[in-house]
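Fold and contact review
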Amino acid sequence: QAAMEEMGIEDVKNYFTNLNRDAAVASDAARAGNFQPARDFAWNYKGLFAGVILPTILVFRFPALVVASFRFLGAAAALVGSAFLRDPNLQRLVGQWVYQSWRLFHARVQAKAREKK
């Protein structure tokens, strides 16, 4: 449970609860002809719109561009992946970073668990 608190699960739950409530209010008002709550919803959750709605529109409007970008991203990932697999210094550097990140996370979780006792 301390790990869940460290990752901020409660904040995520609150965000989605508020998002659901605000979306329902905006949807009900839009059905009645009042679009101001929908505009406010779009403004308050502009990260959601930029991350979900806009890419969805682009996929349906420009499908060839999406296919080309996936092909480019796949090639770039293969190039970077092969660099990681071949360079032992880079492997060691990434491994140390992952290990240190895990140790820091584990220490934070243990500290929070001790505080609760």
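Rules behind the numbers
- Residues numbered from 1 in each chain as written.
- Predicted model: local features only at pLDDT ≥ 70, side-chain atom pairs only at ≥ 80, totals over all residues.
- Heavy atoms only, no water.
- Helix = DSSP H or I, 4+ residues; strand = E, 2+ residues; numbered from the N terminus.
- Buried < 20%, exposed > 50% of the residue type's maximum accessible area, 1.4 Å probe, protein only.
- Contact = heavy atoms within 4.5 Å.
- Axes fitted to C-alpha atoms, helices over the stretch in contact; angles between N-to-C directions.
- Parallel < 35°, antiparallel > 145°, perpendicular 65-115°, else oblique.
- Nonpolar A, V, L, I, M, F, W, Y, C, P; charged D, E, K, R; others polar.
- Phe/Tyr/Trp six-rings, centres within 6.5 Å; stacked < 30°, edge-to-face > 60°.
- Lys NZ or Arg CZ within 6 Å of the ring centre and 35° of its normal.

Attention shifts here to the environment of P37. Within the secondary structure layout, P37 lies in helix α3 (residues 36-44). Under the relative-accessibility criterion, P37 is labelled partly exposed at 21%. With 23 residues separating them in the primary sequence, P37 and N14 have C-alpha atoms 20 Å apart. Once residues within four sequence positions are removed from consideration, P37 is found in contact with A26 and A29.

It is worth spelling out the packing of helix α5 (residues 63-86) against helix α6 (residues 88-116) at this point. The interhelical angle for the contact between α5 and α6, taken along N-to-C directions, is 95°, at an axis separation of 5 Å. The orientation of α5 with respect to α6, classified from their angle, is roughly perpendicular. Where α5 approaches α6, its residues A83, F84, L85 and R86 are matched on the opposing element by P88, L90, Q91 and V94. In terms of residue class, the contact of α5 with α6 is built from six nonpolar, one polar and one charged.

This brings us to the packing of aromatic side chains. Counted according to the given criterion, the structure contains five aromatic pairs. A centroid spacing of 5.8 Å and a plane angle of 40° characterise the contact between W102 and F105, whose relative ring orientation is tilted. Residue W102 and its partner F105 are both found in helix α6; the two are separated by three residues, about one turn of the helix. Relative accessible area serves as the criterion here: at 23%, F105 is assigned to the partly exposed category. Through pairs of rings, three or more aromatic residues link up here, namely Y15, F16, F41, Y45 and F49. If you follow K46 out to its NZ or CZ, it ends over the ring of W43, 3.9 Å from the centre.

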